[in-house]
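So you can see what is in the structure, the chains are spelled out below.
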Amino acid sequence: MAFKRQVGRLPIIPADAQEFNVTCHYCIVGCGYKAYTWPMNRQGGTAPEQNKFGVDLSEQQVMDAEAWYAPSMYNVVRQNGRDVQLVVKPDVNCSVNSGLGSIRGARMAENRPSRVTGTQAQRLSDPLVWRNGVWQPTSWDDALDLVARVTAKVVTEGSEDDLVVSMFDHGGSAGGYENTWGTGKLYFESMKVKNCRIHNRPAYNSEVHSSRDMGLDELNYAYKDYTLTDTIFMLGANSMETQTNLYLNHMVPGLQGGARMVVVDPRRTLTIASSEQYAGPENVLHLAIKEGTDLALCNAILTEIVDKGWTDAEFIAASTFPDGVAVAQDDAHPASLGSLEHAMTACRLSLDEAAEICGVPAADIARAAEWIAGPHEDGSRRKCVTCYEKGIIWGNDNYRTIGAIVNIALATGNVGREGGGVCRLGGHQEGYYRPGDAHVGRPAEYIDQFLIRGLGGVHHIWACDHYKTTLNASEFKRVHKRRSDIVKDAIDAAAGGTREQVVDAIVSAINAGGLFVVDVDIIHSQIGQNAHVILPACEANEMNLTSMNGERRLRLSEKYMDPWGNAKPDALIAAGVAQAMERVLREMGNDAYADQFKGYDWATEEDAFMDGYNKGNPEVTYERLRAMGNNGVQEPVTGFENGQLIGTERLYSDGRFTRHGREDGKALFCAAGWRGWQAPGKAREQAAHRFWINNVRANIFWQNQFLDQKNDFVQDRYPHPFVEMHPDDMVELGLNPGDLLEIINDNGVTQGMAYPMPTLKRNTVAMVFGSPAGSQGNVVNPGVNELVLPDYKHCWGDIRKISDATPQTAGISFKSPEAVL
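Residues numbered from 1 in each chain as written. Predicted model: local features only at pLDDT ≥ 70, side-chain atom pairs only at ≥ 80, totals over all residues. Heavy atoms only, no water.

Peer 1: Got a minute to help me understand the pairing of strand 2 (residues 32–39) in this structure?
Peer 2: Two faces belong to every sheet, and in a regular strand the side chains alternate between them. Most of strand 2 is tucked away: 7 of the 8 residues are buried. As defined by bridge partners, strand 1 (residues 18–23) adjoins strand 2 across 6 bridges and the pair is classed as antiparallel. Bridged to valine 22 within strand 2 is tyrosine 33. With 7 bridges joining them, strand 2 and strand 4 (residues 82–90) adopt antiparallel strand pairing. (Buried < 20%, exposed > 50% of the residue type's maximum accessible area, 1.4 Å probe, protein only. Helix = DSSP H or I, 4+ residues; strand = E, 2+ residues; numbered from the N terminus. Pairing = 2+ DSSP bridges.)

Peer 1: Mind showing me how you'd approach the pairing of strand 26 (residues 722–725) here?
Peer 2: Judged by which residues are buried, strand 26 turns out to be covered on both faces: Phe722 and Glu724 on one side and Val723 and Met725 on the other are all buried. Inspection of the sheet shows strand 26 paired to strand 28 (residues 748–756) by 4 bridges, in the parallel sense. Residue pairing for strand 28: valine 723 is matched across the bridge by alanine 754. Pairing of strand 26 with strand 29 (residues 764–768), which is carried by 3 bridges, proceeds in the antiparallel orientation. Residue pairing for strand 29: glutamate 724 is matched across the bridge by alanine 766.

Peer 1: Got a minute to help me understand the UniProt feature "domain: Molybdopterin dinucleotide-binding" (unreviewed entry) in the chain in this structure?
Peer 2: This chain's UniProt record puts "domain: Molybdopterin dinucleotide-binding" (unreviewed entry) on residues 691–782. Measuring from the first to the last C-alpha atom of residues 691–782 gives 18 Å, for a span that is 13% helix and 33% strand. (UniProt positions renumbered as here; feature names shortened; annotations may be inferred.)

Peer 1: Explain the nonpolar core to me, please; I cannot follow it from the model alone.
Peer 2: Side chains of nonpolar character tend, in soluble globular proteins, to be buried together. Core analysis: the biggest nonpolar cluster contains 213 residues, and Tyr187, Tyr226, Met251, Ile301, Leu410, Trp462 and Phe516 have the highest contact counts within it. Broken down by element, the residue count for this core peaks at 11 residues, all from helix 19 (residues 570–587). Not counting residues up to four positions away in its chain, the partners in contact with phenylalanine 516 are Leu146, Val147, Val150, Gly457, Val458, His459, Val487, Ile506, Ile510, His532 and Val533. Cys464, Val479, Val517 and Ala531 belong to the second-largest nonpolar core, a separate cluster that totals 17 residues. (Core = buried A, V, L, I, M, F, W, Y, C linked by side-chain atoms within 4.5 Å. Contact = heavy atoms within 4.5 Å.)

Peer 1: Is there a simple way to think about the pattern of salt bridges in this case?
Peer 2: Pairing between side chains of opposite charge can happen when the charged atoms of each approach one another. One pass over the full model with this rule turns up 60 salt bridges. For lysine 468, the salt bridge identified is with aspartate 465, shortest N-O distance 3.6 Å. Like aspartate 465, lysine 468 is buried. In this structure, arginine 662 engages aspartate 664 in a salt bridge whose closest nitrogen and oxygen atoms are separated by 2.9 Å. For arginine 662, a relative accessible area of 25% gives the class partly exposed. One salt-bridge network, held together by shared partners, links Arg131, Asp142, Asp145, Arg149, Arg499, Arg583 and Glu587. (Salt bridge = Lys/Arg side-chain N within 4 Å of Asp/Glu carboxyl O.)

Peer 1: Hey, could you run me through helix 1 (residues 140–157) in this one?
Peer 2: It helps to recall that an α-helix has 3.6 residues per turn; residues three or four apart then point in one direction. In a regular helix each residue adds 1.5 Å, so 18 residues correspond to 26 Å; helix 1 covers 26 Å between its end C-alpha atoms and thus fits that length. For helix 1, the buried fraction is high: 13 of the 18 residues fall into the buried class. (Expected span 1.5 Å × (residues − 1).)

Peer 1: I would appreciate a short explanation of unusual backbone geometry in the present structure.
Peer 2: For residues other than glycine, phi is negative in most cases, and the peptide bonds are mostly trans. With an omega of 0°, the peptide bond running from arginine 442 to proline 443 counts as cis. Topologically, proline 443 is positioned in the loop between strand 15 (422–424) and helix 15 (447–452). The peptide bond linking glutamate 635 to proline 636 adopts the cis configuration, its omega dihedral lying at 0°. With respect to the element layout, proline 636 can be found in the loop between strand 21 (633–634) and strand 22 (639–641). The phi torsion at asparagine 472 lies on the positive side, around 55°, for a residue other than glycine. Structurally, the position occupied by asparagine 472 is in the loop between helix 16 (466–469) and helix 17 (473–493).

Peer 1: How should I be thinking about the packing of helix 8 (residues 294–307) against helix 11 (residues 351–358) in this particular structure?
Peer 2: In helix packing, the relevant descriptors are the interaxial angle and the interaxial distance, both defined with respect to the helix axes. Their axes nearest at 9 Å, the elements helix 8 and helix 11 cross at an angle of 165°. Put simply, helix 8 runs roughly antiparallel to helix 11. Crossing of helix 8 over helix 11 shows left-handed handedness. Within the contact between the two elements, helix 8 uses Ala296, Leu297, Ala300 and Glu304 and helix 11 uses Leu351, Ala354, Ile357 and Cys358. Counted by class, the contact of helix 8 with helix 11 contains 7 nonpolar, no polar and 1 charged residues. (Axes fitted to C-alpha atoms, helices over the stretch in contact; angles between N-to-C directions. Parallel < 35°, antiparallel > 145°, perpendicular 65-115°, else oblique. Left-handed = near helix turned anticlockwise from the far one by under 90°. Nonpolar A, V, L, I, M, F, W, Y, C, P; charged D, E, K, R; others polar.)

Okay, here's the thing in structure tokens:
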């Protein structure tokens, strides 16, 4: 019997099973899958004409046969009110994954809610309202009426600044163009809410301000560029672990075809070990820098490239700003922008200086520069794909470090060409489509601190759980709970009163420092424990949903099952809030304000798509996307011909750079001078504590483990957040594998499970991010960059043992991942 799945035999998919296009709703790679559904009382046969794949299933199937699928890919779900059998398996014809399935995507079926198999019973099915000391199920009308009456009263008696919003800005899962438009229209068009934040950072901002200010969208290549390049330059990322099929299906063929790889990472990762096997150790260069020194390293690489004459002079002359300063350094720009010559006045750093700062031999830095930009023997230019992610984005001095990375790509002409590109690797898929957010300002409000200071009265939360995924989490949780409890006590005291009396009690509590919390989510999250109204949302494939992946590949992931209970798409929940606000405001006699909430008469998520994304991209419809299948179309879409949407394989092939909005189309270099620790408190923490507490991801689960926390397959492997440590450090602290430990510093305390990792440096820790059983954010200080980008990656603490291995952890394998490659 398959592991803990209670499946001894899988049914055969019948030839006439319904077939749906599915984009994996987890990471940004966006692998293509096919979903098949058919009635409960029948299945296919072994003869070719009796099964969906047209093969003889009486014969043993080879390991990678298209007809094969695992127990994790099977479930029983509701479709049009009836139980149906479901298989969700990788699509061999999708160019993204070519039939590969990740450990996350290949479990999509078993992570669907089912009353037959009992999976994901944690899913929210009905609106809940805090009444009589508990959350009571209620109707949508009742819940939305309370949300609207409290919100309307607070913003009209005060202002829209009293409404705080936390909302996703991504695609996939419960994001996508439908849902970002619904929430964006509500808060940025009907209202002008400026006190808002994004799911993984405490302000409403970009994670890549400098790339955009320099003229470059952060997703500008095609995945095929990894197979066409000479060098892959990876910083702050671990793709074999976190984006497995991007690595296996695109990077590995490049490595096998002769590409070299430069990886900048303080620790030896699975990506490095795996790449050495595919390309040979002599073709993989690991720059094991000291934490937080990426900027200095990149500046030294750029200096070496410039001094050696390895720049692309023709590209620089044609496509970059020619002379001096184009944008001065100010509050909105933490470094000035302009010509390469101007940037070099700040960026110049010798190999020896960088070696001292970074702890990397000067010869290795020089070799990295040569692999990135040194011409071939025939004098032809070297192609290089540069990719970076959270180790940079959530690291030291975000704006300048990303600017320094983009500088190297611009200086070598590796943007807009085959085998080039300088891109973030991404987390979620992208699906952002909202009205303009200029009213939010730059720098945006630091929302966590705003709430901690006692400001704001109403908090609307959309698919976010900051308790697990914010910095300064210990303080944030304490204050958020205390303020929420003030309102809960007021609601309890008003029990039995009329709606008007309850609303008055809530508003009085808000005026006394309380916070009214509305949580929209698919499960009852940790931050949702503080909510007064909980609204159940549905996910991709419980609704139709459009998103684009890391190469801007837009697909329609089709609905194949009913939402769980009475859950709704976020877009339709936003529409319901808007409609309730309009009604309540008219009752209050505020017709002018009520008029701002017109235009939400959507019956389906497709209506929201047509109201938003389609108006800006009229060629794109559900029907046309459905016809494009799992390969979709790469954005931006430029037309529709011969029944096909026409897309853009890679950006900037014309040498014009437009993301900054400059009419001249010239890219700007960033004067990204090295300045040590940028965020407040980091240097002091480093000096005060023994261990650097880095946060990392693990292949087996996704983000904050919102579904995996109820999945036995995952929880048996990691019942507690792993804390990887060097074995010698563990011996000194009396820790054995599986022992429970605490990490302590002035910011707070968190807990994890000791996991030996011989390849780690001494006095360093790699702790999994976003675990529901122990948040690394508890020990991260409030430090952010000038534009309120958090430095999650750098905190320091001390470690102490709190328990021997528990029965849950005693039987876990603590073998190094490298041992099983």
